[in-house]
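Residue-level structural notes
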Amino acid sequence: MSKSFASLAALCASVFVVGTSEYLVAGMLPEVGADLQVSQGTAGQAVTAYALGVVIGGPVVTMATARLPPQGPGDRADAAVRRG
């Protein structure tokens, strides 16, 4: 498996997880609202806030890390162990 294919597969999996998490919570709004003792509309605003965080935060993190030298996953894990 080539490195670019593995990177693309990881990106696709990440997008799937983020998208699924937004739809999952939307389907559970009645339970979330009841548990937090708020209306479904108020509970739905939490889903909107999360989505806005993803939309705004994604490009911000990308721009902030664009100038960093590229590292492989092993390099990052190794650095985390040395710091920890």
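Please read all numbers here as calculations on a predicted model, not as lab measurements.

Topic: the overall build of the chain
Across its full length, the chain carries four helices and zero strands. The order of helices and strands in the chain, counted from the N terminus, is α-α-α-α. Every one of the 84 residues in the chain was classed for burial, and the buried ones make up 7%. In the structure as shown, the chain presents an accessible area of about 6900 Å², 69% of it carried by carbon and sulfur atoms.

Digging into the packing of helix 1 (residues 3-27) against helix 3 (residues 40-65)
The contact between helix 1 and helix 3 brings their axes to 10 Å, and the two run at 170°. With respect to helix 3, the element helix 1 is oriented roughly antiparallel. In the packing of helix 1 onto helix 3, the handedness of the crossing is left-handed. On helix 3, the residues that touch V18, S21, E22, V25 and A26 of helix 1 are V47, Y50, A51 and V54. In the contact of helix 1 with helix 3, the residues fall into seven nonpolar, one polar and one charged.

Here we look at the packing of helix 2 (residues 29-36) against helix 3
One way to put it is that helix 2 packs onto helix 3 with a least axis distance of 8 Å and a crossing angle of 110°. Comparing the axis directions of helix 2 and helix 3 gives the class roughly perpendicular. Where helix 2 approaches helix 3, its residues L29, P30, V32 and G33 are matched on the opposing element by Q40, A43, G44 and V47. The residue inventory of the contact of helix 2 with helix 3, partitioned by class, reads five nonpolar, three polar and no charged.

As for unusual backbone geometry
Even without being glycine, Q37 reaches a positive phi, approximately 60°. Within the secondary structure layout, Q37 lies in the loop between helix 2 and helix 3. Relative accessible area serves as the criterion here: at 74%, Q37 is assigned to the exposed category.

What to know about a nonpolar patch on the surface
Taken together, the side chains of L52, V55, I56, V60 and M63 make up a nonpolar region of the molecular surface, amounting to roughly 520 Å² of accessible area. Its location among the elements puts V55 in helix 3. For V55, a relative accessible area of 56% translates into the label exposed.

Observations regarding the confidence of the model for the chain
Mean pLDDT over the chain stands at 81; residues scoring 70 or higher make up 82%. Averaged pLDDT values over the elements of the chain bottom out at 59 in helix 4 (residues 73-83) and peak at 92 in helix 2.

Looking at the environment of Y23
Structurally, Y23 is set in helix 1. A relative accessible area of 68% places Y23 in the exposed class. The spatial distance from the C-alpha of Y23 to the C-alpha of V47 is 8.9 Å, given a sequence separation of 24 residues.

Rules used in this analysis
- Residues numbered from 1 in each chain as written.
- Predicted model: local features only at pLDDT ≥ 70, side-chain atom pairs only at ≥ 80, totals over all residues.
- Heavy atoms only, no water.
- Helix = DSSP H or I, 4+ residues; strand = E, 2+ residues; numbered from the N terminus.
- Buried < 20%, exposed > 50% of the residue type's maximum accessible area, 1.4 Å probe, protein only.
- Areas by Shrake-Rupley, 256 points an atom, 1.4 Å probe, with all protein chains shown as cover.
- Axes fitted to C-alpha atoms, helices over the stretch in contact; angles between N-to-C directions.
- Parallel < 35°, antiparallel > 145°, perpendicular 65-115°, else oblique.
- Left-handed = near helix turned anticlockwise from the far one by under 90°.
- Contact = heavy atoms within 4.5 Å.
- Nonpolar A, V, L, I, M, F, W, Y, C, P; charged D, E, K, R; others polar.
- Patch = residues over 30% accessible without salt bridge, like charges linked within 9 Å, V, L, I, M, F, W, Y side chains within 5 Å.
- Salt bridge = Lys/Arg side-chain N within 4 Å of Asp/Glu carboxyl O.
- pLDDT = per-residue confidence, 0-100.

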